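# Remarks on the overall topology
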Amino acid sequence: MEYVTIFMAWPYVNGPLHLGHVAGNCLPADIQYKYERARGRAVLMCSGSDEHGTPITVTAEELGVHPQTIVDEFHESNIRSLENLGCSWHNNLDSRGVEFGGALYNRTTDPRHKELVGKLFIKLLESGLLEKKMMQQYCAVGDDGSVKFLPDRYVVGICPLCGEDGARGDQCDECGGTYEANELLSPQSKIESDSNIEVRDSEHYFYRLDMFQNDLSIHADSRRKIWKPNVRAMTKNWLDMGLRPRAVTRDMEWGIKLPNTGDDWDSKRIYVWFEAVQGYYTCARIWSERFASQAGHSMGDDAWKNWWIDSSESSLKHIYFMGKDNIPFHTIIWPAILMGLNSSGSDQLHLEDNVAANEFLMLQGGQFSKSRKHGIWLPAFLENHDPDSLRYYLTINMPEGHDTEFRWRDFVEKVNNELIGTYGNFVHRVMTLTHRLENGGSNPLKHFDQPDQHSDFFSSIDANIQAAMDSMERQRFKESLRSVMNVAQSGNSFLQKAEPWKYLDKPESKERDASLSALAACWRACRTLAILTQPFMPFQAKRLWQMLGEQGRIDETLWDTANSFDSALEWNPSLPSPLFSRLDLDEILMNEKSIAESNTEGDNKGIPDAAGGGKYIDFEDFLKVEMKIGRILSVENHPDADTLYVVQIEDGPNSKRTVCAGLKKFYNIEELIGMSIIFVANLKPRKLRGVVSEGMMLAAEDSEGNVRLLTPDGDLAPGSIVR
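Every chain is numbered independently, its residues counted from 1 as its sequence is written. Only residues with pLDDT of at least 70 get local features here, since the model is predicted, and only at 80 or more are side-chain atom pairs given and counted; chain-wide, interface and lining totals rely on the full set of residues. In computing side-chain values, all of the structure's heavy atoms are included and hydrogens and water are not.

### Thoughts on the packing of helix 12 (residues 387–396) against helix 17 (residues 538–547)
Fitted lines through C-alpha atoms serve as axes, helices being fitted only where they are in contact, and the angles separating the N-to-C directions of these axes extend from 0 to 180 degrees. Strands are runs of DSSP state E lasting at least 2 residues, helices are runs of H or I lasting at least 4, and numbering of each runs from the N terminus. Viewed as axis vectors pointing N to C, helix 12 and helix 17 meet at an angle of 120°, and their least axial separation amounts to 7 Å. One way to sum up the angle between helix 12 and helix 17 is to call them oblique. Of the residues in helix 17, those touching helix 12 at Pro387, Asp388 and Arg391 are Pro538, Phe539 and Gln540. Three classes are used, and their members are as follows: Ala, Val, Leu, Ile, Met, Phe, Trp, Tyr, Cys and Pro are nonpolar, Asp, Glu, Lys and Arg are charged, and the others, Gly among them, are polar. Looking at the contact of helix 12 with helix 17 residue by residue, the class counts come to three nonpolar, one polar and two charged. Should an angle lie under 35 degrees it is considered roughly parallel, over 145 roughly antiparallel, and from 65 to 115 roughly perpendicular; all remaining angles are considered oblique. Any two residues whose heavy atoms approach within 4.5 Å are treated as being in contact.

Structure, rendered in C-alpha cells:
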C-alpha cells in the first residue's frame, strides 16, 4: 500500500478565506487529495484553523471581543466555505474503507492538540533541544512606568531590509524578509499608535535550530530535484545565513500554556509558529483516535502510524501545500522539529517529500490581505458563481512559478472560451447528438461502438492521461489540467471531422456506421473526461457521470481505467443539460463594484483591458520611464543583505552609478562583470540595507522561476537611450 499524506498550511481564522488562500494552498491540497485517491492510494489529509497568535488577538481587540469568539465564528465559516468549494474536508473516513484514510480539518484550540503539543515540548526539553535565553522584545511603556510586552504583530514600522512602511514586527509582507525585534525601523503600536515603544529583555525558551544546520543542508540537497526554484532559493538563503536558536515562547495570554515550567512562566505561551506546524502531527493522531479507531481500524488509536512512521513494509509520501511566505517553516523549522523528535525515539517520523509552495495570487496589482481588507472573499464569491468555474480558473491561473493576477475580465474569458468553449461544448455536442438517435431504453451507440477503429484517437487520449499523471506526481496542476483539456480539444476536432450530425436520420451505410462509430468514441472520451476532471472540478464531473448513466461513485473511479474499452456504454434517458453557464462581464462588474472599480473608471469604460488581463497605462505615463544601456563595471556582495549584489554601472561617458540587485541566486560575479544591460535611469534613489541604489536593472522571469537580465541586441555605448 502507498500511504500519502496531504498537508495544507493552517489558515489564520481572523476573517473569511480569500481567493489568495484558495489559490495558494486550499485548492492545490484538495486537488492532490482527490488525485491520490484516483490512483488507488491510501490518503490522509490534515489541516485546520490556526487559532492562536497575534492575528487573532489583534482582530479581537479591534472588535472588542474575546479571541475565542473570533475563532469560533470563522472556523465554522471557513470550513463551510471550503466544503461549498468542493473540498473534501467533510470526508473524515474514506468511502473505500477506513484503512484508506480520510480527512480532518481540526483547530489548534482543540484540547487534544494542546495536550500533544505540551508533550512534544517536554520531549524536546528533555532532549536538550530547548534552552533558556534572554531576548529583546517590543513593549509599550506607560506614563506610570508600567510595561506591557507586545507581540510582533502589534507593532508596525519600516522594514530594515527593503524600506517598506507598514512592515510587521518580525516579518515584512512586501519582501518576505524576517528580522529581530530591535531591527524594525520607527516602530509603532498597531493598537495604540501614540504609546511609547521600547525594546526590553525578556526570558524565553529557544529551539536549537543551529544544531540541525548540517542535517538540514543535506536534506535540502536531497530535495533539489523535487522542490520548485522558489523553495530551493528561500531555503538556501536561510541556510546560507546560518541558523540560530529561535524563540518558541512569547509574552502573551492567548495561546498554549507551557507545561511543567513553574509559576515564573505563567504569563508566557508557546509561540504560534512552533505549535501550529505541530498540528500536522497532532491532526493525524486526533483523526486516528476520533475516527479511525471508532470505525474499527485494525491499528486502533495508532492508525496514524501508517502515514507517519517510516517502515520497510510500506511506501510513505508527505506533500505540504502553502504560499511562498510559509516556505521556511516547512523546509527548515518543521523538519528541524521532526529531526529533534526523531533523535530520541525508535519510531522515526517521516520528513516531507515535497513542499509544493505557490507564489501569490494578486488582486488589482496588490497582494490579497485580510489585515488590509484587500481581497475577494470566498463565501461571497460562491454566493454568485459556480464553484467549479472558480476551481478551473484558479487552477489554470495558479501561481506555481510566479505571481499571477486575478482579474474579472480574464476570469470571464477563460470560463467562456476555454471551459465552456472547449470542454463544455464538446460534452454537450456528444450528449445531444446521441440523444437524437432512436433508442430502446439503452445507449443507441452500442451498435456502433468499435474502439479498435480509432486507435490514433485513443492513443492520443492515453498520451494526455499519462502527461496529466506525470504532472500531478510533481504537483504541476496547471500543466496537468492543460493535458486533460487537450482530450476535449482533440475530441472536438475528431467529432468535427466525423460529422455525425449528417447521418442521424440517414439510412444505414458504411459512411453512417463510420461516423457514428466516431461518435461512440467521443462518448467514451466524455467518460474519460468525467474521471480526469473530478479532482479539478468535482461537481460537474458528478453531473456528467450521471448524464452518461454510469453507476457507482466517480470519486472512487481510478484514472488508470479512464480510457478503458472494457466499460459498457451506459445510458441515462433524461435529456442532457449544459455543464456550465456562460458569464457576462458587465453583470459581474455590476455585482462586484468594490473589486472592479478600476475596470470601469474614466472615459475608457468600453475599452478592453490590455493583453494578458492587465490595465492599460497612458502613453504620457510610459514616456516618464527613462531606460538606458549600461555596462557593469564591478560587482560586490552587499555588506548587510545575503541576496543582494552591489553593482557599479557605467551609464554614460565618464559617468557611473550604483544599483543594488537581487541576483545572487541567478548569477555569479564573474558572469556579470562586463555585461551590457538595460536599466531604468530615472528611478528615485532608495536606500537598501544601508546602500543607496540609483536605478533598476531589467530582467525577465519564466514560469519555473529562472531569471535572466535583459541585454541589448548588439554593442551599444553606455548611456544609449532605449526607445
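### Thoughts on the packing of aromatic side chains
When two rings of Phe, Tyr or Trp (its six-membered ring) have centres within 6.5 Å they constitute a pair, described as stacked for plane angles under 30 degrees, edge-to-face for angles over 60, and tilted for the intermediate range. According to the stated counting rule, one finds 33 aromatic pairs in the structure shown. Aromatic pair Tyr35 and Trp559: ring centres 5.1 Å apart, planes at 75°, arrangement edge-to-face. One end of the pair, Tyr35, is in helix 1 (residues 19–38); the other, Trp559, is in the loop between helix 17 and helix 18 (585–591), with 524 residues separating them in the sequence. The class for Tyr35 is buried, based on a relative accessible area of 0%. With relative accessibility at 1%, the residue Trp559 sits in the buried group. Relative to Trp307, the ring of Trp287 lies with its centre 5.5 Å away and its plane at 85°, an arrangement referred to as edge-to-face. Of this pair, Trp287 sits in helix 8 (residues 279–292) while Trp307 sits in helix 9 (residues 305–308), placing them 20 residues apart in sequence. Overall, Trp287 belongs to the buried group, its relative accessible area being 0%. Ring-pair connections join several aromatic residues into one group, and the members of that group are Phe7, Trp10, Tyr280, Tyr281, Trp304, Trp308, Tyr320 and Trp334. A positively charged side chain is recorded as over a ring if its NZ (Lys) or CZ (Arg) lies within 6 Å of the ring centre. The angle to the ring normal must also be within 35 degrees. Just above the ring of Trp273 sits the side chain of Arg246; from NZ or CZ to the centre is 4.9 Å. Its end group placed over the ring of Trp265, Lys268 keeps NZ or CZ at 5.6 Å from the ring centre. Buried, partly exposed and exposed residues are distinguished by accessible area as a fraction of the type maximum, computed with a 1.4 Å probe on protein chains only: under 20%, between the cut-offs, and over 50%, respectively.

### Considerations on the sheet that holds strand 11 (residues 249–251)
The strands making up a sheet are joined through hydrogen bonds of the backbone, oriented either antiparallel or parallel. Only when DSSP finds a minimum of two bridges between them are two strands counted as paired. Read across the open sheet, the three strands follow the order 11-13-12; overall the sheet is antiparallel. The open sheet is flanked by strand 11 and strand 12 (256–257), the only strands paired with a single partner.

### A look at the pairing of strand 22 (residues 676–680)
Residues in a regular strand project their side chains so that they alternate between the two faces of the sheet. A large share of strand 22 lies buried, amounting to five of its five residues. Relative to strand 22, strand 19 (residues 627–637) is paired through five bridges, and the arrangement is antiparallel. When the sheet's bridge partners are listed, Ile629 is paired in strand 22 with Ile678.

### As for empty space enclosed by the protein
Empty space among the atoms becomes visible once a probe the size of a water molecule is rolled across them. Cavities and pockets are found on a 1 Å grid laid over the protein atoms alone: a cavity is a set of points where a 1.4 Å probe fits but cannot escape, a pocket is an open set with protein on both sides within 12 Å along at least five of seven lines, and a lining residue has an atom within 4 Å of such a point. Grid points are joined across faces, edges and corners, and a volume is the space filled by probe spheres set on the points. Within the structure shown, the criterion is met by one cavity of 30 Å³ or more. In this structure, the largest cavity spans a volume of roughly 30 Å³. What lines the largest cavity is Arg524, Arg527, Thr528, Ala562, Asn563, Ser564 and Ser567. Looking at the lining of the largest cavity residue by residue, the class counts come to one nonpolar, four polar and two charged.

### Re the sheet that holds strand 7 (residues 165–168)
Overall, antiparallel pairing links the three strands, which are arranged 7-6-8 in an open sheet. Both edges of this open sheet fall to strand 7 and strand 8 (185–189), since each of them pairs with a single strand only. Each strand of the sheet is rotated relative to its neighbour by a mean of 35°, with strand direction disregarded. Relative to strand 7, strand 6 (residues 155–158) runs antiparallel, the two being bridged by three bridges. Looking at strand 7, one finds that Ile158 is bridged to Asp165.

### Some remarks on the layout of surface pockets
Its volume calculated, the second largest pocket comes out at about 470 Å³. Lining the second largest pocket are 22 residues, with Gln534, Pro538, Lys542, Arg553 and Asp555 sitting closest to its centre. Counting residues per element, the ones that place at least two in the lining of the second largest pocket are helix 1 and helix 17. Ranked by residues supplied to the lining of the second largest pocket, first place goes to helix 17 with five residues.

### Examining the environment of Leu27
Looking at where Leu27 falls in the secondary structure, it is placed in helix 1. In this structure the C-alpha to C-alpha distance between Leu27 and Lys268, which are 241 residues apart in sequence, comes to 36 Å. Once residues lying within four places of it in the same chain are set aside, the contact partners of Leu27 are Val22, Arg391, Leu394, Thr395 and Met398.

### Section: the pairing of strand 21 (residues 655–661)
Burial analysis of strand 21 places five of its seven residues in the buried class, which makes it a mostly covered element. Here strand 20 (residues 645–652) runs beside strand 21; their pairing, made up of seven bridges, is antiparallel. Each residue of the ladder has a partner; that of Val647, found in strand 21, is Val659. Connecting strand 20 to the next strand, strand 21, in antiparallel fashion are two residues, including Asn654 with a positive phi near 55°.

### Concerning the nonpolar core
What we call a nonpolar core is a set of buried Ala, Val, Leu, Ile, Met, Phe, Trp, Tyr and Cys residues that are connected through their side-chain atoms within 4.5 Å. In terms of nonpolar packing, the biggest core is built from 102 residues, with Leu19, Phe406, Tyr423 and Trp559 touching the most fellow members. Leave out the neighbours within four places in its chain, and Tyr423 touches Glu418, Met485, Ala488, Leu529, Thr533, Met537, Gln540, Leu544, Leu579 and Phe580. Counting residues in hydrophobic clusters, the runner-up holds 67 residues, among them Ala42, Cys46, Ala336 and Leu338.

### Some thoughts on helix 2 (residues 54–63)
Within helix 2, seven of the ten residues are buried, leaving the element largely enclosed by the surrounding structure. For helix 2, every residue scored as buried is listed here: Thr54, Pro55, Ile56, Thr57, Val58, Thr59 and Ala60. Packing partners of the buried residues in helix 2 comprise helix 3 (67–84). Backbone geometry just after helix 2 places Gly64 at a positive phi near 70°.

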